[in-house]
Amino acid sequence: MPDALKTELLTLVSEAPDLAALEEVRVAALGKKGRITGLMKELGGLSPEERRERGAALNALKDEIAAAIDARKTELHAAHLAARLEAERVDVTLPVRPEPRGRIHPISQTVDELVAIFAEMGFAVAEGPDVEDDFHNFTALNFPPGHPARDMHDTFYLPDTADGRRMLLRTHTSPVQVRTMMSVKPPIRIIAPGRTYRSDYDMTHTPMFHQVEGLVIDEATHMGHLKGCLIDFCRAFFDVDDLPLRFRPSFFPFTEPSAEVDIGCSRKGGELKLGNYGDWLEILGCGMVHPNVLEACGIDSTRYQGFAFGMGIERIAMLKYGIPDLRTFFEADLRWLKHYGFVPLDIPSPAHGLTR
Ligand code: DAH
């Protein structure tokens, strides 16, 4: 009987088409309820002599089948690998692909750089709509209706909504502060890069431009944190280790105290150089978030405080990459883009370097 069984099992093993089928054969023969296992269990009912003889035969059968299964397994593995190598064959004699001709716009590259630097400091990226209402763009930021600071924004107004809300194109990224504070609980640490709009057009103004906003809210945040954060950012972004920063008192309705920040530069010989040369260049606004703003956003100003900052992305891109005219950013001139743009795989990261 074992002979017939042996032939049958060996045939099944050698004909198993793949690893799953082979495993089924193994279970049917050697598994807990397998046929050889079943025969082993019957040994108990035999006389001692018969048991010895049959036991030895069954053990030999078991070993032989197990060895055949192993051999078939090796064979199937090899066949599988050979099929995969064949399917994934690469023709190394083909010509290389032509180099990509497109370029990343300096604004996109600069945003990627900002995000990389602030991400290292633990900031997340937040967004808000370009079409805002008066509440988020002004009122919640402590510009009461009729406040003169509103007039400085050259706002593009849109028709009111059906329920009478005054709509506009956001004049700064600061409304994202309001939206963030109204929707997430402190601690908050975000930057908000995006488009902004003002009705203005000359060498240094375009009706659409970009800003990046920063906001940190926590229980023990002070002006020292604000300064440290911006010093680290500017030195990393402009890649000047000892770049000096100067914090000058200023006014914004949504911060108290407020400051404007200058970085060190030289203008000798009509050429602008960033560094510790004694001249100053203004690059951003910042301050400690006004308690009125916290309260307007439902945050307890006796427990929480924080800082905010905002800067123009075109401006810092022009300074870093020596781009002389703001308007050229939006002319969609391919020759300009070829000159000032970035190769697509130049992905900025503080570890790999932020510039070319
Ligand atoms: N929103 C201001 C502007 O357009 C920039 C700004 C200044 C943002 C100070 C801030 C800040 O968050 O704290 O012109």
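Residues numbered from 1 in each chain as written. Predicted model: local features only at pLDDT ≥ 70, side-chain atom pairs only at ≥ 80, totals over all residues. Heavy atoms only, no water.

Give me the lowdown on the nonpolar core, citing residues and values where you can.
Taken as a class, soluble globular proteins show a tendency for nonpolar side chains to be buried jointly. The biggest cluster of nonpolar side chains holds 45 residues, and the ones touching the most others in it are Phe238, Ile263 and Phe309. Contributing elements (two or more residues each) for this core: helix H5 (106-120), strand E6 (208-218), helix H8 (223-238), strand E8 (255-266), strand E10 (279-289), strand E11 (305-312), helix H10 (313-321) and helix H11 (334-340). Ranked by residues supplied to this core, first place goes to H8 with 7 residues. Excluding residues that lie within four positions of it along the chain, Phe238 makes contacts with Leu243, Ile263, Leu274, Ile283, Ile316, Leu319 and Lys320. (Core = buried A, V, L, I, M, F, W, Y, C linked by side-chain atoms within 4.5 Å. Buried < 20%, exposed > 50% of the residue type's maximum accessible area, 1.4 Å probe, protein only. Helix = DSSP H or I, 4+ residues; strand = E, 2+ residues; numbered from the N terminus. Contact = heavy atoms within 4.5 Å.)

Quick rundown of the domain arrangement of the chain? Include the residues and the values.
Interface size is commonly expressed as the accessible area that is lost once the parts come together. If you check the domain split of the chain, you get domain 1 (2-87) and domain 2 (106-340). Here the C-alpha centroids of domain 1 and domain 2 sit 73 Å apart. (Domains from an automatic or database assignment.)

How would you explain helix H7 (residues 175-183) if you had to name every residue and give the values?
Among all positions in H7, only Pro175, Val176, Gln177, Val178, Thr180 and Met181 are buried. On its buried face, H7 sits against strand E2 (131-133), helix H6 (134-137), strand E5 (188-197), E6, helix H9 (291-296) and E11.

So what's going on with the site of the ligand? Which residues, and what values?
As a matter of local geometry, the ligand sits amid 15 residues, with His172, Ser174, Gln177, Arg198 and Glu213 nearest to it. Note that a nitrogen atom of the ligand is positioned 2.9 Å from one of the side-chain N or O atoms of Ser174. Here Gln211 contributes a side-chain N or O atom positioned 3.2 Å from an oxygen atom of the ligand. Within the complex, 91% of the 350 Å² of free accessible area of the ligand lies under protein. Elements that contribute at least two residues to the shell around the ligand include exactly E6, E10 and E11. Taken together, the residues of the shell around the ligand sort by class into 5 nonpolar, 8 polar and 2 charged. (Near = heavy atom within 4 Å. Polar contact = N/O pair within 3.5 Å; in protein donor to acceptor, adjacent residues only side chain to side chain. Areas by Shrake-Rupley, 256 points an atom, 1.4 Å probe, with all protein chains shown as cover. Nonpolar A, V, L, I, M, F, W, Y, C, P; charged D, E, K, R; others polar.)

Can you lay out the pattern of salt bridges for me, pointing to particular residues and giving the numbers?
Summed over all chains, the structure comprises 18 salt bridges. Its salt-bridge partner being Arg72, residue Glu75 comes within 2.5 Å of it at the nearest N-O pair. Here Glu75 and its partner Arg72 are both found in helix H4 (residues 48-87), 3 residues apart, which amounts to about one turn of the helix. Among the residues examined, Glu75 registers a relative accessible area of 47% and is labelled partly exposed. Overall, Arg72 belongs to the buried group, its relative accessible area being 14%. The residue Arg248 makes a salt bridge to Asp262 at a minimum N-O spacing of 2.8 Å. With Arg248 in strand E7 (residues 245-252) and Asp262 in strand E8, this residue pair connects regions lying 14 residues apart in the sequence. (Salt bridge = Lys/Arg side-chain N within 4 Å of Asp/Glu carboxyl O.)

Explain the pairing of E10 to me, using residue names and the numbers behind them.
The buried count for E10 comes to 8 of 11 residues, which makes it a mostly enclosed element. Pairing of E8 with E10 involves 9 bridges; the strand directions are antiparallel. Its bridge partner being in E10, Ser258 is matched across the sheet by Gly287. (Pairing = 2+ DSSP bridges.)

So what's going on with the side chain of Asn142? Which residues, and what values?
Relative to the elements of secondary structure, Asn142 occurs in the loop between H6 and strand E3 (157-158). Among the polar contacts listed, one links the side chain of Asn142 to the side chain of Asn292, at a separation of 3.1 Å. Leaving out residues up to four positions away in the same chain, Asn142 has contacts with Pro253, Phe254, His290, Asn292 and Val293.

Which residues make up the state of the cysteines, and what values do they have?
Here the structure, examined in full by the defined rule, presents 0 disulfides. With no disulfide of its own, Cys297 lies 19 Å from the sulfur of Cys286, the closest cysteine sulfur. Taking the relative accessible area as the measure of exposure, Cys297 reaches 6% and is therefore buried. (Disulfide = S-S within 2.5 Å.)

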